[in-house]
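One letter stands for each residue in the lines below.
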Amino acid sequence: MLEAAAGPAPGGAEQRGSRFSVLTWEQVQRLDQILGEAVPIHGRGNFPTLSVRPRTIVQVVRSRLEKKGIPVHNVRLNGSAASHVLHQDSGLGYKDLDLIFGVDLKNEDVFQLVKDVVMDCLLDFLPEGVNKDKITPMTLKEAYVQKLVKVCNETDRWSLISLSNNSGKNVELKFVDSLRRQFEFSVDSFQIILDSLLLFGECSENPMAENFHPTVTGESMYGDFEEAMEHLRHRVIATRNPEEIRGGGLLKYCNLLVRGFKPKSEVDMKALQRYMCSRFFIDFSDIGEQLRKLECYLQSHFVGMESNRYDYLMTLHRVVNESTVCLMGHERRQTLNLIAMLAVRVLAEQNIIPTVTNVTCFYQPAPYVSEINFNYYVTHVQPFLPCNQSYPTWLPCN
């Protein structure tokens, strides 16, 4: 656990450029509320919904790991939930609860042991009256796990177990040995170390108060905590080396634009947009992969905000159109057509247009096309076939 007793005053950093800061009393209260709110984990089929507090999940998983000989160095709240704790009116909102367990993943056996421990915990969370004797870890995985990811290479060693929630508020348990890139943009680069708050809850007989609460420390993986906080307060988009991010941060960048965030520097961001697009098309080079990625992003990041999906897709279309330099002409047009098709589908789902199959997309000719009788190239939008993708137990994420 990071000791904060000799750290900065609440709400400030130790010195200019420090990546750490101590949370204020109001921030600690918001954090405690998030950890104490019951989150439903929805089961598929006839499996019951589990109602579990994040605080309980962390305590049980940590205890089981340590009993199995896997020490947990610290536990952190990550991403948009951490940003919400630090600045309630951030404009980001939060859906997923990202919890990071710092562990040593030495070999394949440890990866498997971590997964087994989480499955055992899910078994214990089942309500009374459920016959647990014949429920296997595989059955629990199929019933309650939204996503399993394992990454093991020279720079990154981590795994992710995402627990299902029908409203998109998944509880994501990430077990990290090493992770080179831990953020996309400065506004989502915050991690809050939970150890002191959890220990206080276990040991203190008195409730927290303004003059009696644990010292909780936050860290900005962007680097400068105060600079990142200024970006969060004023809704500024800033990042470093987007080519290091899987997908280039392109989808998140367009989401921030739709939410009213503005680039720190328009000139610099134009260059960064080209890096974002290049990395996105390196990671998702096939049109089928692009479709699956966009559909998953729309499904998971716009729950309760379906009306924003069209604006998001049009923003993405504009950015890709302006900043893609790594694709051949027909590949670029193919991707733009895909985004346009999804935008038309979104409008159809909102009953703004009658049906997708009757819509025609028009593409304006390039400036060098000078034929007098040439007006537009016309292509009819074809509905995509449903994609039934089967995944292995662990999803590779290289």
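Residues numbered from 1 in each chain as written. Predicted model: local features only at pLDDT ≥ 70, side-chain atom pairs only at ≥ 80, totals over all residues. Heavy atoms only, no water.

S.K.: Could you give an account of the pattern of salt bridges, with specific residues and numbers?
M.R.: Counting across every chain of the model gives 18 salt bridges. Taking the shortest distance from any N to any O, the salt bridge between Arg233 and Glu230 comes out at 2.7 Å. Residue Arg233 and its partner Glu230 are both found in helix α7 (residues 225–234); the two are separated by three residues, about one turn of the helix. Each of Arg19, Arg76 and Glu219 takes part in a single network of salt bridges with overlapping partners. (Salt bridge = Lys/Arg side-chain N within 4 Å of Asp/Glu carboxyl O. Helix = DSSP H or I, 4+ residues; strand = E, 2+ residues; numbered from the N terminus.)

S.K.: Lay out the pairing of strand β4 (residues 75–78) in plain terms, naming residues and giving numbers.
M.R.: Here β4 shows two buried faces, one formed by Val75 and Leu77 and the other by Arg76 and Asn78. One ladder, built from four bridges, connects β4 with strand β5 (residues 97–102); its direction is antiparallel. Note that in β5 the partner of Leu77 across the bridge is Leu99. Bridge count between β4 and strand β9 (residues 190–193): three bridges; the pairing is antiparallel. Note on β9: the bridge partner recorded for Leu77 is Ile192. (Buried < 20%, exposed > 50% of the residue type's maximum accessible area, 1.4 Å probe, protein only. Pairing = 2+ DSSP bridges.)

S.K.: Lay out the packing of helix α2 (residues 54–67) against helix α6 (residues 195–203) with the relevant residues and their values.
M.R.: The axes of two packed helices give the description: the angle between them and the distance between them. It is at 11 Å that the axes of α2 and α6 come closest, and there the two elements cross at 90°. On the basis of their axis angle, the class for α2 and α6 is roughly perpendicular. Side by side, α2 and α6 meet where Arg55, Val58, Gln59 and Arg62 of the first sit next to Asp195, Leu197, Leu198 and Glu202 of the second. Partitioned by chemical class, the residues of the contact of α2 with α6 number three nonpolar, one polar and four charged. (Axes fitted to C-alpha atoms, helices over the stretch in contact; angles between N-to-C directions. Parallel < 35°, antiparallel > 145°, perpendicular 65-115°, else oblique. Contact = heavy atoms within 4.5 Å. Nonpolar A, V, L, I, M, F, W, Y, C, P; charged D, E, K, R; others polar.)

S.K.: Provide a residue-level description of the packing of aromatic side chains, including the pertinent values.
M.R.: Here a ring pair, both rings aromatic, is described through the centre-centre distance and the interplanar angle of the planes. All told, the structure shown has 11 aromatic pairs when counted by the stated rule. Linked through ring pairs, Phe280, Phe281 and Phe284 together constitute an aromatic cluster. A cation over an aromatic ring shows up here: Arg181 above the ring of Phe183, its NZ or CZ 4.3 Å from the ring centre. Its end group placed over the ring of Tyr222, Arg240 keeps NZ or CZ at 3.9 Å from the ring centre. (Phe/Tyr/Trp six-rings, centres within 6.5 Å; stacked < 30°, edge-to-face > 60°. Lys NZ or Arg CZ within 6 Å of the ring centre and 35° of its normal.)

S.K.: Describe the pairing of strand β8 (residues 171–178), with residues and values.
M.R.: Here β5 runs beside β8; their pairing, made up of six bridges, is parallel. Each residue of the ladder has a partner; that of Phe101, found in β8, is Phe175. Of the pairings in the sheet, the one linking strand β7 (residues 157–163) to β8 comprises seven bridges and is antiparallel in character. Within β8, the position partnered with Leu163 by the bridge is Val171.

S.K.: Which residues make up the packing of helix α9 (residues 266–283) against helix α11 (residues 309–323), and what values do they have?
M.R.: The interhelical angle for the contact between α9 and α11, taken along N-to-C directions, is 100°, at an axis separation of 9 Å. In terms of orientation, α9 and α11 fall into the roughly perpendicular class. On α11, the residues that touch Lys270, Gln273, Arg274, Cys277 and Phe281 of α9 are Val319, Val320, Glu322 and Ser323. For the contact of α9 with α11, the residue count by class is four nonpolar, two polar and three charged.

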